[in-house]
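Architecture at a glance
Take a look at the letters that make up each chain.
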2 protein chains.
Amino acid sequence: MSIRHAILGFLSWKPFTGYELKGLFADALSFHWSGNSNQIYTSLLELHKAGSVSVEVQQQEKHPARKVYTITDAGRAELREWLLSEPELPVFRSMAQAQLAWSAGLSDGELDGLLASYERQLSDQAIMCRETIRRGSTGPDRSPREKLIWKSINDNRAALYEAELAWTRGLRAKIRKLS
Amino acid sequence: MSIRHAILGFLSWKPFTGYELKGLFADALSFHWSGNSNQIYTSLLELHKAGSVSVEVQQQEKHPARKVYTITDAGRAELREWLLSEPELPVFRSMAQAQLAWSAGLSDGELDGLLASYERQLSDQAIMCRETIRRGSTGPDRSPREKLIWKSINDNRAALYEAELAWTRGLRAKIRKLS
DNA sequence: CAAAGCATGTAAGCAGTTACATGATTGT
DNA sequence: ACAATCATGTAACTGCTTACATGCTTTG
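Source: prediction; values computed, not measured.

Right, let's get into the overall build of chain A. Regarding its fold elements, chain A presents seven helices and four strands. Traced from its N-terminal end to its C-terminal end, chain A shows the element sequence α-β-α-α-β-β-α-β-α-α-α. The C-alpha atoms of chain A give a radius of gyration of 21 Å, which is well past the 16 Å a tight globule of 179 residues would have. Counting only C-alpha atoms, chain A reaches 65 × 35 × 35 Å along its principal axes. Taking all 179 residues of chain A together, 47% fall into the buried category. Accessible area of chain A: about 9,200 Å², with a carbon and sulfur share of 53%. Separation between the mean location of the 24 positive side-chain charges and that of the 21 negative ones in chain A comes to 3 Å.

It is worth spelling out the relation of the copies chain A and chain B at this point. Least-squares fitting of chain A to chain B yields an RMSD of 0.1 Å, with the transformation described by 0.0 Å of translation along the axis and a rotation of 180°. In short, the pair behaves as if placed about a two-fold rotation axis. Proximity to the rotation axis, assessed at the C-alpha, singles out Phe-92 of chain A in chain A; its C-alpha lies 2.4 Å from the axis. In this assembly, 98% of the residues forming the interface of chain A have copies in chain B that are likewise at the interface, indicating an isologous arrangement.

To continue, consider the domain arrangement of chain A. Partitioning chain A into structural domains gives domain 1 (3-83) and domain 2 (95-178). The distance between the C-alpha centroids of domain 1 of chain A and domain 2 of chain A comes to 30 Å.

Residue and element names in this part refer to chain A. Although it is not a glycine, Asp-141 sits at a positive phi angle of roughly 60°. By the element assignment, Asp-141 lies in the loop between helix H6 (108-134) and helix H7 (144-178). The class for Asp-141 is partly exposed, based on a relative accessible area of 47%.

This brings us to the sheet that holds strand E1 (residues 16-17) of chain A. Residues and elements named next belong to chain A. Across the sheet, three strands lie side by side as E1-E3-E2; this open sheet has antiparallel pairing. Of all strands in the sheet, those bounded by a partner on one side alone are E1 and strand E2 (53-58). Note that E2 and strand E3 (residues 66-71) share six bridges and pair antiparallel. From the neighbouring strand, Val-55 faces E3, where its bridge partner is Tyr-69. Against the sheet, helix H1 (residues 3-11) touches E1, E2 and E3, its axis set at about 90° to E3.

Taken as a whole and judged by the stated rule, the model has 26 salt bridges over all chains. Close ionic contact of Arg-135 of chain A with Glu-131 of chain A constitutes a salt bridge, the shortest N to O distance being 3.6 Å.

Turning next to the sheet that holds strand E2 (residues 53-58) of chain B. Residues and elements named next belong to chain B. One open sheet holds the three strands; their spatial order is E1-E3-E2, and the pairing between them is antiparallel. Edge positions in the sheet fall to strand E1 (16-17) and E2, since each has one partner strand and no second. Packed on one face of the sheet, helix H3 (residues 37-49) meets E2 and strand E3 (66-71) and runs near 115° to E2.

Every contact between the two is made by 66 residues of chain A and, on the other side, 65 residues of chain B. Interface of chain A and chain B: buried area, both sides summed, is about 6,500 Å²; carbon and sulfur atoms make up 64% of it. It is Phe-92, Trp-102 and Arg-145 of chain A in chain A that bury the most area against chain B; as a group they hold 15% of the surface buried on that side. Its salt-bridge partner being Arg-145 of chain B, residue Asp-108 of chain A comes within 2.8 Å of it at the nearest N-O pair. Our enumeration of links across chain A and chain B arrives at 30 residue pairs in polar contact (both at pLDDT 80 or more). Where the side of chain A that touches chain B is concerned, the elements lending two or more residues are H1, helix H4 (73-84), strand E4 (91-93), helix H5 (95-101), H6 and H7 of chain A. Residue contributions to the side of chain A that touches chain B peak at 18 residues, all from H7 of chain A. Taken together, the residues of the side of chain A that touches chain B sort by class into 37 nonpolar, 16 polar and 13 charged.

Conventions we followed
- Starting from 1, residues in each chain are numbered consecutively following that chain's sequence as written.
- Working convention: letters from A go to chains and numbers from 1 go to ligands, in the order in which they are written.
- Whole-chain, interface and lining totals are the exception, using all residues; otherwise, since this is a predicted model, local features are given only for residues with pLDDT of at least 70 and side-chain atom pairs are given and counted only at 80 or more.
- With hydrogens and water excluded, all non-hydrogen atoms of the structure serve as input to the side-chain values.
- Each helix is a run of H or I in the DSSP string that is no shorter than four residues. Each strand is a run of E no shorter than two, and both are numbered from the N terminus.
- Every radius of gyration here is taken over C-alpha atoms, with the globule rule written as 2.2 Å times N^0.38, N being the number of residues.
- Between buried and exposed lies partly exposed: a residue is buried under 20% and exposed over 50% of the maximum accessible area for its type, with that area taken using a 1.4 Å probe on protein chains only.
- Note on areas: Shrake-Rupley with a 1.4 Å probe; residue coverage comes only from the protein chains shown.
- Residues counted as positive are Lys and Arg, residues counted as negative are Asp and Glu, and His and the chain ends are not counted.
- Here the site of a charge means atom NZ of a Lys, CZ of an Arg, CG of an Asp or CD of a Glu.
- Here the copies are matched by least squares. The fit uses the C-alpha atoms of residues with pLDDT of at least 70 in both.
- Throughout, a contact is declared for two residues whenever any of their heavy atoms are within 4.5 Å.
- Note that the domain bounds were set by an automatic or database domain assignment.
- Between any two strands, at least two bridges found by DSSP are needed for them to pair.
- Inter-axis angles, ranging from 0 to 180 degrees, are taken between N-to-C directions of lines fitted to C-alpha atoms, where helices are fitted over the stretch in contact.
- Here a salt bridge means any side-chain nitrogen of Lys or Arg lying within 4 Å of a carboxyl oxygen belonging to Asp or Glu.
- When two parts are put together, the accessible area they lose, computed with a 1.4 Å probe and summed over both, is reported as buried area.
- N or O atoms within 3.5 Å of each other form a polar contact, as long as, within protein, one can give a hydrogen and the other can take it, and as long as residues adjacent in sequence are counted only when both atoms are side-chain atoms.
- When residues are grouped by polarity, Ala, Val, Leu, Ile, Met, Phe, Trp, Tyr, Cys and Pro land in nonpolar, Asp, Glu, Lys and Arg in charged, and all others, Gly among them, in polar.

Right under this line is the structure:
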């Protein structure tokens, strides 16, 4: 329900190969499916079988053949239908919070270590996000509206990590005050 | 990797039946696996087979037999190991944002409708969260530390929905200004 | 000479959701 | 009469991850 639509989304810009899509997914930090190329290839095969994309094989001398995928009218219709469908609530899932929830059996030191570890990871991630945004060029940028939307999505992502980081720091301080 | 640990977490408080666990999951808004009883039952069977929980069947006259599950020492060890394991980064997944990302093909009206729909859902959810928190008693409350942690987790959840809501409203306004 | 990049896939498995299946009791 | 509560499970499917499998070229 999701990586397939995202692939159709990228292909709505222009034709791509599976390898190129892999790079797009990795760069577009708005999407978490980084680096998992396998599903892209299998999804492309499925999309092709379903008639949502067409494929052109380009033989190359020095490299394996490239398979360039192009979205079809059926694929465009599918994409449009998804775009207009009722959006779902976002999912915020944090294993660290689940760990915290049942941390009653941990000592103060162990708990603080857990929080410290979570804090560090969030901090790293937030910095990485901001850095990627600063370097610019995440997104298509074909119209002012599209540019605004992609910038907002990236900012939102960074802001979420920062909010989680601030929350973690606050909680850590409060717990330290308790003991 | 997760619902099993959460079940062990609840069972570390006291023994429960599958049905009671189902209620705990639904109430504890910190967890998103609401209402999905099936996996609880299958997970309990697995945990039992693995020796992490023991089970006592209580026959009843007017109702089906209750299977009361109790955590074993092995289960406690498993729980503790998970609690001390390196926390993962939180996952923020928003299908609505993916829809937005490729909304270039939508008209201004269609896009605004999408945002309005997302905004309403977030608003409902945020209100529900706050209301549940206000009614109190989400969490175990056996020590000041535990109480603080559960309150913080619930607040954090509500705050995330509110942040997403504010983001959506802001984006909607900016887009309106563009056109 | 090793690492990174180019380029494609298959197979197995896990977590989680949805649908299917049953059936009595209690409250409105 | 109808819905909700109590109480348990099985089977199929989807989405995603991990491991496996290949092999050539360019850059440091």
